[in-house]
Amino acid sequence: MQSSKARRKVAPVTNDGSDSDKLDELLLFSAICNGEDLGPFVRKAFASGKPETLLQRLRQFSRSKESEIEDVCKAHYQDFIMAVDDLKSLLSDVDSLKSALSSSNKVLQSVAFPLLTALDSFVEARNVSMNVGLAIDSVQICIRLLELCSRTNFHLSGNNFYMALKCVDTIERDFLQKTSSSTIRLMLEKQIPVIRSHIERRVNKEFGDWLVEIRIVSRNLGQLAIGQASSARQREEELRIKQRQAEEQSRLSLRDCVYALEEEDEEDIGSGLGDEGNEKLSNGGGGGGGALGFDLTPLYRAYHIHQTLGLEDGFKQYYFENRKLQLTSDFQVSSMTPFLESHQTFFAQIAGFFIVEDRILRTGGGLISKHEVENLWETAVTKMCSVLEDQFSRMQTANHLLLIKDYVSLLGVTLRRYGYLVDSLLDVLSKHRDKYHELLLSDCRKLIGEALAADNFEQMLMKKEYEYSMNVLSFQIQTSDIIPAFPYIAPFSSTVPDCCRLVRSFIEDSVSFMSYGGQLDFYDVVKKYLDRLLSEVLDEALLNLINSSVHGVSQAMQVAANMVVLERACDFFFRHAAQLSGIPLRMTERGRSKFPLKNARDAAESILCGMLKTKVDGFMSLTENINWMADEAPPNGNEYVNEVIIYLETLVSTAQQILPVQVLKRVLQEVLTHISEKVVGILAGDLVKRFTINAIMGIDVDIRLLESFADDQANLFSDVDANQLKSALAESRQLINLLLSNQPENFLNPVIREKSYNALDYRKVATISEKLKDPSDRLFGSFGGRGLKQNTKKKSLDTLVKRLRELN
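Predicted model, so just to flag it, every value in this text is computed and none were measured.

**Looking at helix α20 (residues 639-655)**
A rise of 1.5 Å per residue sets the reference length of α20, with its 17 residues, at 24 Å; its end C-alpha atoms lie 24 Å apart and thus fit the reference within 8%. Regarding α20, the residues found buried are Y640, V641, V644, I645, Y647, L648, L651, V652 and A655. Viewed end-on, α20 has its buried residues packed into an arc of 165°, placing them on one side of the element. Turning to α20, the residues buried within the fold contact α17 (553-581), α19 (598-620), α21 (661-684) and α22 (693-712).

**What about the state of the cysteines?**
Taken as a whole and judged by the stated rule, the model has 0 disulfides. Not engaged in a disulfide, the cysteine C570 finds its nearest cysteine sulfur in C500; these two sulfurs lie 8.0 Å apart. Here C570 falls in the buried class, since its relative accessible area comes to 2%.

**Overview of the packing of aromatic side chains**
Counted under the stated rule, the structure contains 18 aromatic pairs. Relative to Y647, the ring of F619 has its centre 5.5 Å away and its plane inclined at 45°; by these criteria the two rings are tilted. Here the residue F619 occupies a position in helix α19, and Y647 occupies one in helix α20, the gap between them amounting to 28 residues. Residue F619 is classed as partly exposed on the basis of its relative accessible area, which comes to 23%. With a relative accessible area of 17%, Y647 lands in the buried category. Over the face of the ring belonging to F513 we find K405, whose NZ or CZ atom lies 5.7 Å from the ring centre.

**Things to note about the confidence of the model for the protein chain**
A residue-level look at the protein chain finds 87% of positions with pLDDT of 70 or above and a mean pLDDT of 79. When mean pLDDT is taken per element in the protein chain, helix α10 (residues 370-394) scores highest with 89 and helix α6 (residues 266-269) scores lowest with 36. Counted against residues more than four places away or in other chains, residues 1-16, with its pLDDT under 50, gives 15 contacts. This model gives residues 252-292 a pLDDT under 50, and the stretch forms 61 contacts once residues within four places in sequence are excluded.

**Side note on unusual backbone geometry**
Of the consecutive residues F486 and P487, the connecting peptide bond is found in the cis state with omega at 5°. Positionally, P487 belongs in the loop between α14 (465-471) and β2 (488-489). The backbone phi angle of F457 is positive, close to 55°, even though this residue is not glycine. In this model, Q476 sits at a positive phi of 55°, which is unusual for a non-glycine residue. When you line up the elements, Q476 lands in the loop between α14 and β2. With relative accessibility at 36%, the residue Q476 sits in the partly exposed group.

Parameters at a glance
Residues numbered from 1 in each chain as written. Predicted model: local features only at pLDDT ≥ 70, side-chain atom pairs only at ≥ 80, totals over all residues. Heavy atoms only, no water. Helix = DSSP H or I, 4+ residues; strand = E, 2+ residues; numbered from the N terminus. Expected span 1.5 Å × (residues − 1). Buried < 20%, exposed > 50% of the residue type's maximum accessible area, 1.4 Å probe, protein only. Arc of directions from axis to C-beta. Contact = heavy atoms within 4.5 Å. Disulfide = S-S within 2.5 Å. Phe/Tyr/Trp six-rings, centres within 6.5 Å; stacked < 30°, edge-to-face > 60°. Lys NZ or Arg CZ within 6 Å of the ring centre and 35° of its normal. pLDDT = per-residue confidence, 0-100.

Printed below as a string of structure tokens:
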């Protein structure tokens, strides 16, 4: 059998048309044989207006193929016949098979009909069951979804925003795409962003309210923290006082040492305000308000909500910028209010700010970093230093400077507990140390001047024991440990305790300024300014008082007595400064300088002695009544000496009630020395042209009376002091001894002169001896019955005068 798909040849075309028609016909037949698209030929036929030609050619092509078809059919006819025969042979088999299938089908249908019915019922029941299951699942999803929605509303109404967000997240993640209700789905898709936006607004509002509230809380928090630091400092100071008292007692008696157990209250233990400080300042994690409402819950809730919303970084930046703006506004110093009145609020606000930031740094879960807090603190320290520099430069009152310094030092103590560096603040305080002390000296100069101007130069009367304790014991100027009977008249005037109080206040203010400023050993600085206060301020003020206001002996005596008491007080001042500075007393005693009020003391004694000498000079004027050419010596002395002794005895009885023994001794010694010099001066002066030995013997009696007065003071002074008083008359005594000596020429012997006449000036001796050397017989008339002796004494005296003149 030949393939029906054999290649067919194209029949030749007759040559009865033009060449172009033949070519078109050939191309058409070729395209049909090759199965190509005839569209171009059709369009060309219609375009040329000859569709009949194309139709004719197609018909012609069809007729040309009929013979080929007939040939093919003839070629395959036998196969067709054989196939038909085969089909006819199968027809009976097919009929029998059809009959068998039909009977089998009937049997199968009769058997399967109940099963099919049951199957249809099962399928229907299963579909119903599946639909019911789907409905139940959908209902359960809707129920859970509605429960979550209800819980979300409940949390929203209770401002439990975090749980509301968690419910919303669960709805969106687990139920939104599973719900079969498009209405519910659309509603949720619309409301979930609204809920989140609502929560964000509410949280931001709470956070904004917290930012406003925390400023007030920070101020109160800073004041409380600084107040607790002040209380702790006071307790430390009280402990140091007790320790010093115990040390003093142990120093006085090692067997009577006092030991005390220092107890701490529970509240004091927790007042450190460190990592585990008491909860009076903070609730720790921000879960509830403390005593001051220091509640970090709104902040942490806002931070947590923003974390849940995926806005953590933005909230951190927002928080930092707002707190930085708050800190900047805290730096503003009002020009309408004096800084002295506003400095506590200013520093407390800053302290509270950084206490809050420290707590947030440690418990905020990364809300703010340590680097950011350190940057804020550096900014704050720079600003506070600038403010302090500016304010200190304007202040002209030491007390104002001290108040601010104390508060700043407490601020430093408070914030150092939280790990903040405060060295820059302390450096500013140390920088203004000299200015503070200069202002303090200026204030004390004014106050001391007022205290001295108010002095009435009368002994102070104390009626009660507390007055004695306040004015005497508190400055350790008592002379005995026995409490006197009251009323008690002190040997000093009111100016002494007044000045002592001012000096003690100066010491305490100086120590207070130097303490807690980063400098551990500051006693040398306190001592330097204490020396200046005593030697420059108090000493000069006392000198001015002495030179301008002392007009009588009683006033001068009172001032001199005051100086003795102030000398004891100066010892107390240096001990007090050492104790407050934490320096052992033995170190201050080793480094003790001279008495800083020496000039005033010397001036007081000098003016007292000057007044007494003036008084004595008035009595010494009675020497004009002495008969220098007397033939006999007065047996009871001259008139002037009796007046002088009466005055001295009155002076001693009065002065011993006021002046200490040593001062009284120095004053009497000065007066007696003056009397001795006065006697020698009268003999050497121009008023006495000549005198007899009887007049000298009268002067000898006068000196003996004065020496007897000095000896009588042995009951008041020691024997050594009484001898020193007596030695004040040495010049006049040695002169009288020389003039009464039988060999005055011995004055020329250096050994004898050093032993017996060391107080005499040879020029005065020469002048006075010449006056005794009278050419008349009357001068040596008393020696009339002792011829040889008289000549020897006269010769010796002439030799003495001659030799002394040669020395001139």
